[in-house]
Every structure is written in C-alpha cells, then in structure tokens.
Amino acid sequence: EVQLVQSGAEVKKPGESLKISCKASGYTFPNYWIGWVRQMTGEGLEWMGIIYPDDSDTTYSPSFQGQITISVDRSINTAYLQWASLRASDSAKYYCARSEAGKGTAFFDYWGQGTQVNVSS
Amino acid sequence: SVLTQPPSVSGAPGQSVTISCTGSSSNIGAGHDVHWYQQRPGAAPKFLMYGNHNRPSGVPDRFSGSKSGTSASLVISGLQTEDEADYYCQSYDNSLSGSDWVFGGGTKVTVL
C-alpha cells in the first residue's frame, strides 16, 4: 500500500527556520516524483515545487522560487520542504504528494495527510 | 487562480451537478490534460480523475470528466451526501514567466 506520512504540526516564530518531512512507503521511492502543495486556511491548493528522488532534479514554482528548498534523503525514503526564514504568511497546511511525472500530463495520485505550520510572534 | 472554477454548486440527492474549469491557451488550450481532486472537510485531497476523463480504481462511475478547447468539466451524477466536498481541477501551464503546475480555485459542492 502506497503511503506518504508527514511530520507533525509546527509552531514557529517569524525568522526561524523549519524543515518538514514526508516519508514514503509501499513503492519504489526513487522512481516517482514528490511534490509539495500549500493550502492556506480556507483557501485553495497551490503547487510549490517537485523533486525526482532518483537524481534530485527539482523544479520550483516561480511563486515560491527562492523562498523554499525541496530535498530528499533516498536512504530513508523521505522528502523534505524547508524554509530558512519563516514569515507569518507561511502559515498554512502543506501537503506532499506523489506523481509519475514532473510536468506536462502529470498529476498527484497519492497524498500525505498534511502538516500544519503556524508562524506567529 | 490560473484555472477558474465556480466557487460553489449545489444539488439535491440523486441530481447531477457540473463543475467547470476554465483555462487559457497556455494551459488547457495548449493541450495539457486536466485532472481532478476531491477534498472532504478536514481531509487531504484525494485523486479523483486523470487525463481529462479517466477514473482511478475505486472512483465511482458517477464521476465523469471531459475537456474541450480551453475548458474542462467534472460531472457528478446521482449526487450522494458523501459527495459534499471541495473539488479542484489541475493542469500544466507554459507561460513567459515559466512552467507551472496550476490548480483551479476550487468548487464547494453542497448536497441539499
């Protein structure tokens, strides 16, 4: 059974750094892309970026380029989303999701449960 | 949002509702497929439809999709109370500012 299990909720202050995780199981991790999607409270889905674990090929949404870093650790089948300096506007729920492709006809077939991030002074 | 959806649609149990997803020549009109997700309250999005009209295993055939020109549609026939959720379309966009996965703003389906 394919599963994406994300790390727990976080409460941070502006300016702090953060790294959240997404642990995959039930499939061959290097062979599928992992993307990250933001959902602010009461709002829709926003694509942030995507990574191919086999070679760490990464594409960022122009809207998030330079604000986040996406990475993987193949040894533990885990993808990460990190911020060097959080802002209050980063408060949202973040989902990881799996895809067979990184662009074009790509879609997300499995989703993690989401990680709530709250940034407040 | 790059893809435009109606904020809400509603219908009585057993009726049909249609959710539109309108894009442009840089995404749907460029030939990129449209995919759909269902998000029930408090839950993660769930994969509902891919490649404009294909249902993943386990998705009831009450859900159907289509695409024409710069738009796509999701139809829920025989509406059931469990269909009450937010629905999002998704495609791919090639523009001058770069390439992007794009989502619609979401449509809330209410079962009356």
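Our subject is the structure listed above.
If you're wondering where the values come from, they're calculated on a predicted model, not measured in any experiment.

**Student:** It is not clear to me how the interface of chain B and chain A should be interpreted in this structure. Could you clarify?
**Tutor:** If you look at the interface, chain B gives 19 residues, while chain A gives 24 residues. The three residues of chain B that bury the most area against chain A are Pro45(B), Trp101(B) and Phe103(B), which together make up 37% of that side's buried surface. For the interface between chain B and chain A, the tally reads zero salt bridges. Where chain B meets chain A, there are nine residue pairs in polar contact (both at pLDDT 80 or more). Looking at the side of chain B that touches chain A, the elements with two or more residues in it are β3 (35–39), β7 (85–95) and β8 (98–103) of chain B. When residues of the side of chain B that touches chain A are assigned to their parent elements, the largest contribution, four residues, is made by β8(B). Here the side of chain B that touches chain A is built from residues that sort into 10 nonpolar, seven polar and two charged.

**Student:** What am I meant to see in the pattern of salt bridges here?
**Tutor:** Side chains bearing opposite charge may pair, as long as their charged atoms lie close to each other. Applying the stated criterion across every chain, the model contains five salt bridges over all chains. Of the charged contacts, one joins Arg38(A) and Glu46(A) as a salt bridge, the two residues approaching to 2.9 Å between their closest N and O atoms. Where Arg62(B) meets Glu82(B), a salt bridge forms, and the shortest distance between an N and an O atom there is 3.9 Å. Placement of Arg62(B) in the loop between β4 (46–49) and β5 (63–68) and of Glu82(B) in the loop between β6 (71–76) and β7 is noted, with a sequence separation of 20 residues between them. Judged by relative accessible area, Arg62(B) falls into the buried class, the value being 13%. A single network of salt bridges, built from pairs that share partners, joins Arg62(B), Glu82(B) and Asp83(B).

**Student:** Looking at this structure, I do not really get the side chain of His32(B). What am I missing?
**Tutor:** Residue position: His32(B) is located in the loop between β2 (17–22) and β3. Not counting the four nearest positions on each side in its chain, His32(B) is found in contact with Gly104(A), Ser26(B), Asn27(B), Lys67(B), Ser91(B), Tyr92(B) and Asn94(B).

**Student:** In this structure, what is going on with the sheet that holds strand β7 (residues 69–73) of chain A? I would like to understand it.
**Tutor:** Hydrogen bonds between backbone atoms are what pair the strands of a sheet, whose relative direction is either parallel or antiparallel. All names here are of chain A. An order of β1-β3-β8-β7 is seen for the four strands of this open sheet, with the pairing classed as antiparallel. Taken across any chain shown, the strands that pair with only one partner, and hence form the sheet edges, are β1 (3–6) and β7. Adjacent strand axes in the sheet meet at a mean angle of 20°, parallel and antiparallel pairs treated alike.

**Student:** Would you mind showing me how to read the sheet that holds β2(B) here?
**Tutor:** Residue and element names in this part refer to chain B. Strand order in the open sheet made by the three strands is β2-β6-β5, with antiparallel pairing throughout. Strands at the two margins of the open sheet, each flanked by one partner only, are β2 and β5. Direction aside, neighbouring strands of the sheet carry axes that sit 15° apart on average. As paired strands, β5 and β6 are joined by six bridges and run antiparallel to one another. From the neighbouring strand, Phe63 faces β6, where its bridge partner is Ile76.

**Student:** I'm lost on the nonpolar core in this one. Help?
**Tutor:** One recurring pattern in soluble globular proteins: nonpolar side chains tend to sit buried together. Among the nonpolar cores identified, the biggest contains 26 residues, and Ile34(A), Trp36(A), Leu81(A) and Trp83(A) are the most heavily contacted of them. At the level of elements, β3 (18–25), β4 (33–39), β5 (45–52), β7, β8 (78–83), β9 (92–99) and β11 (115–119) of chain A are the ones that each hand at least two residues to this core. The dominant element in this core, judged by the number of residues it contributes, is β3(A), at four residues. Counting residues in each nonpolar core, the second largest holds 22 residues, with Val17(B), Val34(B), Trp36(B) and Val59(B) among its members.

Procedures and definitions
Residues numbered from 1 in each chain as written. Chains lettered and ligands numbered in written order. Predicted model: local features only at pLDDT ≥ 70, side-chain atom pairs only at ≥ 80, totals over all residues. Heavy atoms only, no water. Contact = heavy atoms within 4.5 Å. Buried area = accessible area lost by both parts, 1.4 Å probe. Salt bridge = Lys/Arg side-chain N within 4 Å of Asp/Glu carboxyl O. Polar contact = N/O pair within 3.5 Å; in protein donor to acceptor, adjacent residues only side chain to side chain. Helix = DSSP H or I, 4+ residues; strand = E, 2+ residues; numbered from the N terminus. Nonpolar A, V, L, I, M, F, W, Y, C, P; charged D, E, K, R; others polar. Buried < 20%, exposed > 50% of the residue type's maximum accessible area, 1.4 Å probe, protein only. Pairing = 2+ DSSP bridges. Axes fitted to C-alpha atoms, helices over the stretch in contact; angles between N-to-C directions. Core = buried A, V, L, I, M, F, W, Y, C linked by side-chain atoms within 4.5 Å.

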